[in-house]
Amino acid sequence: MLSIKDLRAGIEEREILKGINLDIKPGEVHAIMGPNGSGKSTLASVLAGKQDYEVTGGSVTFEGKDLLELAPEERAGEGIFLSFQYPVEIPGLSTTNFMKTAVNEIRKYRGQDELDAVSFLKKMKEKMALVEIDQSMLSRSLNEGFSGGEKKRNEIFQMAMLEPKLAILDETDSGLDIDAIRIVANGVNKLRTPENGILVITHYQRLLDYIVPDFVHVLYNGRIVKSGTKELAYELEERGYDFIKSELA
Amino acid sequence: MDTITYFKDRFEKLQEQQLDSRLKSLRDGAFSAFEQTGIPTVKHEEWKYTRISDFFSKDYHFTTDLQEQQFRATELQPFLLPGHENANIIVFVNGHYHAEHSVLRSEELEIISLEAAAHNQYAGIVETHLGHSADYHKDGINALNTAFIQEGVFIHIQKGKTVNHPVYIYNVTDARSGNIFAQPRALVHVGENAQVEILETFATIGADESFTNQVFEIAVEENAVLSLYKIQNDAANSTIVSTTHVHQVGKSVANVVTISLSGGLVRNNLNMVMSAPYCEANLSGLYLQSGHTHVDNHTVVDNRQPNCLSNELYKGIMNGHATGVFNGKIFVRQIAQKTNAYQTNKNILLSGNATVNTKPQLEIFADDVKCSHGCTVGRLDEEALFYLKARGISEATARSLLLHGFALDVLEKIGSEDVRQYVNKLVTASLNLG
């Protein structure tokens, strides 16, 4: 469903991604691991369409469409979801209103009718249970004053509401304690289907105990330097990223 | 003829017509103050960013010259605020109080002319409070209104009463046949333990220039609660100088929300004078401007007694070539220990050509006080915009959601559900930036 070929991107003349190749098929979970500064978050941002980054080469196709030609909101409409590493606080906008708008804008993009209030509420209730989130949190200003765990749970709640084809989880585990990781991972696992793909970006292996990947890739210095199965993640955890560096040297 | 001569001529006629008036000496004093200070120019410290003097180089009709009013009640129709049919209505046309268009629904309320009030049982109240705002405005424009007080309104809220119907004040300027200079004037007395909600708006009819110089003084007695919502959504050919002077005589609560959506030039002076311990004042404002409009909010919170609390929150969204000013003064007198005074002004500039000048001014003479102030001027948060777009929300919708969210905490200060929804609708409409 997603095919990245020789993707090069950077910010202000500095190349960060130096030729990424990656294929994700429906139903697969891929993990991208790598040390700080290797380009993990840049990859996530470029896929979601953040303007700060300039794509200098290569291609990204998503279900046959040239993803790089689409605006961020169109990418979301096509079924791409980015769970933010740092979800933004939005004063004066409740999660409920946010989701109502997002769900309906995406439906509009897909040529579907707006969801009526009853169906929307029903869907909300169902997805709230999935990530153990309560109504009061959804009525509050989006992410404002939320703890790290609440923000990430809210991200997964949004993912559940929007039912993406491809979910990109950018450091969803960062700053979370083990209980929060478990809740978030459970939410993600319940959303796994044979049709959708998941790209987990993480620094540590521990999230992958809960969201078990089919493939693990090591991103280093803007390139995928090693790919393997979940065992690779254990190896990284055990030996640290230095062994990759020494292998490359 | 220069401005001062022009007004002097009219002033002398007015004084001759009303020889018995008890307001005569007040007017005399005000006119000499006007003669000394004149219309404030940008050289005046308080008017540095707001230029009103240009208007006086034009040939204005002056309200006293207009004997025949063409205005009919149906002409108010386009400007009616929601809840109008259940409200006490006060209509000013070109600065004159129009009894025939006004409606009194609440017996807790009395509405009479200032001239009448100066001669009856309210004479003491009028003498104490009428013109009190002059202490805070050493400029000719305030004095000019006082110099021409004749058909102002006195509104009295009986002590111990809650006025069940809100009071709606329409300041209409009829500029269909010539430029208009209108000077509405009102004095409100909120008696002990009384409660009242006042909503006022400004409307210009016609295409000629209109200048409204309004002075609205409110005295709030012990345990009274005043809520005042000011909605400014006037035409581009209008200029408004609106002075609202709230004098908290007794321990009381005053809430004032000022919403400025459009209009050529708007200058609001809002004074909260806390003359009793344990007063509470809440001042909120939202200004949302585009085109070549100008909005200026000057506020004064004067803590004259200990233990008072004031919360001030003003927010601005500026587009096009709009210019904005916020100037927030807080005085804490030496005696006013344990004052809590908070002030925030936040602005978003949507265009490179829009500007805001914001200035907090704290003058604190007591040593045991809590005062804070903060102001920001920035652009719409790009990170937030991307976050919303990444959820499938279009650029235009994302922008209006963010801006609405920014404005929301001011809108929430509007206690009346009807009014809040109405203002919310206006704000949402003007945020649909396309």
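The shown structure was predicted, so the numbers you read here are calculated from the model rather than taken from an experiment.

## A closer look at the nonpolar core
Link 1 in the chain: One finds A:L2 and B:L388 to be the most contacted residues of the largest nonpolar core, which totals 125 residues.
Link 2 in the chain: A per-element tally of this core places helix 7 (residues 395-411) of chain B first, with eight residues.
Link 3 in the chain: The two domains that each donate at least three residues to this core are domain 1 (3-276) and domain 2 (381-434) of chain B.
Link 4 in the chain: Setting aside chain neighbours within four positions, we find B:L388 in contact with A:I90, A:L93, A:F98, B:I393, B:A398, B:L401 and B:L402.

## Some points on the sheet that holds strand 11 (residues 215-220) of chain A
Residue and element names in this part refer to chain A.
Link 1 in the chain: As summarised here, the arrangement of the six strands in space is 6-9-10-3-11-12, forming an open sheet in which the pairing is mixed. The sheet is open, and its two edges are formed by strand 6 (80-83) and strand 12 (223-228), each paired on a single side. Between one strand axis and the next, the sheet turns through 20° on average, direction left out of account.
Link 2 in the chain: Pairing analysis gives five bridges linking strand 11 to strand 12, with the strands arranged antiparallel. By the bridge assignment for strand 12, L219 is matched with I224.
Link 3 in the chain: Packing of helix 9 (residues 230-239) onto the sheet brings it into contact with strand 3 (29-33), strand 11 and strand 12, and relative to strand 11 it is tilted by some 45°.

## Some words on the side chain of B:D174
Residue and element names in this part refer to chain B.
Link 1 in the chain: Assignment of secondary structure puts D174 in strand 6 (residues 167-174).
Link 2 in the chain: Since its relative accessible area comes to 6%, D174 is described here as buried.
Link 3 in the chain: Within the local environment of D174, its side chain forms a polar contact with the side chain of R176, the two groups lying 2.9 Å apart.
Link 4 in the chain: Aside from chain neighbours lying at most four places away, what touches D174 is Q70, F71, V93, N94, I180 and I205.

## What to know about the domain arrangement of chain B
Residues and elements named next belong to chain B.
Link 1 in the chain: Taken domain by domain, chain B holds domain 1 (3-276) and domain 2 (381-434).
Link 2 in the chain: For domain 1 and domain 2, the distance between their C-alpha centres works out to 32 Å.
Link 3 in the chain: Overall, the association of domain 1 and domain 2 removes approximately 940 Å² of surface from exposure, summing both partners, and the carbon and sulfur fraction of that is 79%.
Link 4 in the chain: Between domain 1 and domain 2 we count zero salt bridges in total.
Link 5 in the chain: Within the residue set of the side of domain 1 that touches domain 2, elements represented by two or more residues are strand 9 (195-205), strand 11 (225-233) and strand 13 (253-262).
Link 6 in the chain: Across the side of domain 1 that touches domain 2, the residue classes tally to nine nonpolar, two polar and one charged.

## Let's talk about the confidence of the model for chain A
Link 1 in the chain: The predicted model of chain A averages 92 in pLDDT, with 100% of residues at 70 or higher.
Link 2 in the chain: At the low end of the mean pLDDT range in chain A sits helix 10 (residues 242-248) of chain A, at 79; at the high end sits helix 2 (residues 72-78) of chain A, at 97.

## Considerations on the layout of surface pockets
Link 1 in the chain: Of the voids in this model, the largest pocket is the one considered here, and its volume is about 420 Å³.
Link 2 in the chain: When contributions to the lining of the largest pocket are tallied by element, the ones reaching two or more residues are strand 7 (90-94) of chain A together with strand 19 (340-349), strand 21 (370-378) and helix 7 of chain B.
Link 3 in the chain: Here the lining of the largest pocket gets five residues from one element, more than from any other, and that element is helix 7 of chain B.
Link 4 in the chain: A per-class count over the lining of the largest pocket returns nine nonpolar, six polar and eight charged.
Link 5 in the chain: Looking at the second largest pocket, its volume works out to about 300 Å³.
Link 6 in the chain: Taken together, 16 residues line the second largest pocket, and the ones lying closest to its centre are A:L93, A:N97, B:S400, B:L401 and B:H404.
Link 7 in the chain: For the lining of the second largest pocket, the secondary-structure elements that each account for two or more residues are strand 7 and helix 3 (95-109) of chain A together with helix 7 and helix 8 (417-431) of chain B.

## Let's talk about helix 5 (residues 140-147) of chain B
Residues and elements named next belong to chain B.
Link 1 in the chain: For helix 5, the tally of buried residues reaches eight of eight residues, placing the bulk of the element in the interior.
Link 2 in the chain: Taken as a whole, helix 5 has its buried residues at G140, I141, N142, A143, L144, N145, T146 and A147.
Link 3 in the chain: For helix 5, the secondary structure elements touched by its buried residues are helix 1 (3-17), helix 2 (24-37), strand 7 (180-182), strand 8 (185-190), strand 10 (210-220) and strand 12 (238-248).
Link 4 in the chain: N-capping of helix 5 is provided by D139, with a side-chain oxygen placed 3.2 Å from the backbone N of I141.

## Some points on the pattern of salt bridges
Residue and element names in this part refer to chain A.
Link 1 in the chain: Tallying each qualifying case throughout the model produces 33 salt bridges over all chains.
Link 2 in the chain: Here E78 makes a salt bridge to K65, at a shortest N to O gap of 2.8 Å. Here K65 lies in strand 5 (residues 65-66) and E78 lies in helix 2, a separation of 13 residues in the sequence.
Link 3 in the chain: For E78, a relative accessible area of 11% gives the class buried.
Link 4 in the chain: Among the residues examined, K65 registers a relative accessible area of 40% and is labelled partly exposed.
Link 5 in the chain: With a closest N to O distance of 3.4 Å, K123 and E163 form a salt bridge. Placement of the pair is K123 in helix 4 (residues 117-130) and E163 in the loop between helix 6 (148-162) and strand 9 (166-170), with a sequence separation of 40 residues.
Link 6 in the chain: Counted as one network, the salt bridges with shared partners bring together K123, E126, K127 and E163.

Reading the values: rules and limits
Residues numbered from 1 in each chain as written. Chains lettered and ligands numbered in written order. Predicted model: local features only at pLDDT ≥ 70, side-chain atom pairs only at ≥ 80, totals over all residues. Heavy atoms only, no water. Core = buried A, V, L, I, M, F, W, Y, C linked by side-chain atoms within 4.5 Å. Buried < 20%, exposed > 50% of the residue type's maximum accessible area, 1.4 Å probe, protein only. Helix = DSSP H or I, 4+ residues; strand = E, 2+ residues; numbered from the N terminus. Domains from an automatic or database assignment. Contact = heavy atoms within 4.5 Å. Pairing = 2+ DSSP bridges. Axes fitted to C-alpha atoms, helices over the stretch in contact; angles between N-to-C directions. Polar contact = N/O pair within 3.5 Å; in protein donor to acceptor, adjacent residues only side chain to side chain. Buried area = accessible area lost by both parts, 1.4 Å probe. Salt bridge = Lys/Arg side-chain N within 4 Å of Asp/Glu carboxyl O. Nonpolar A, V, L, I, M, F, W, Y, C, P; charged D, E, K, R; others polar. pLDDT = per-residue confidence, 0-100. 1 Å grid on protein atoms, 1.4 Å probe; cavity = no way out; pocket = protein on both sides within 12 Å on 5 of 7 lines; lining within 4 Å. Points joined across faces, edges and corners; volume = space filled by probe spheres on them.

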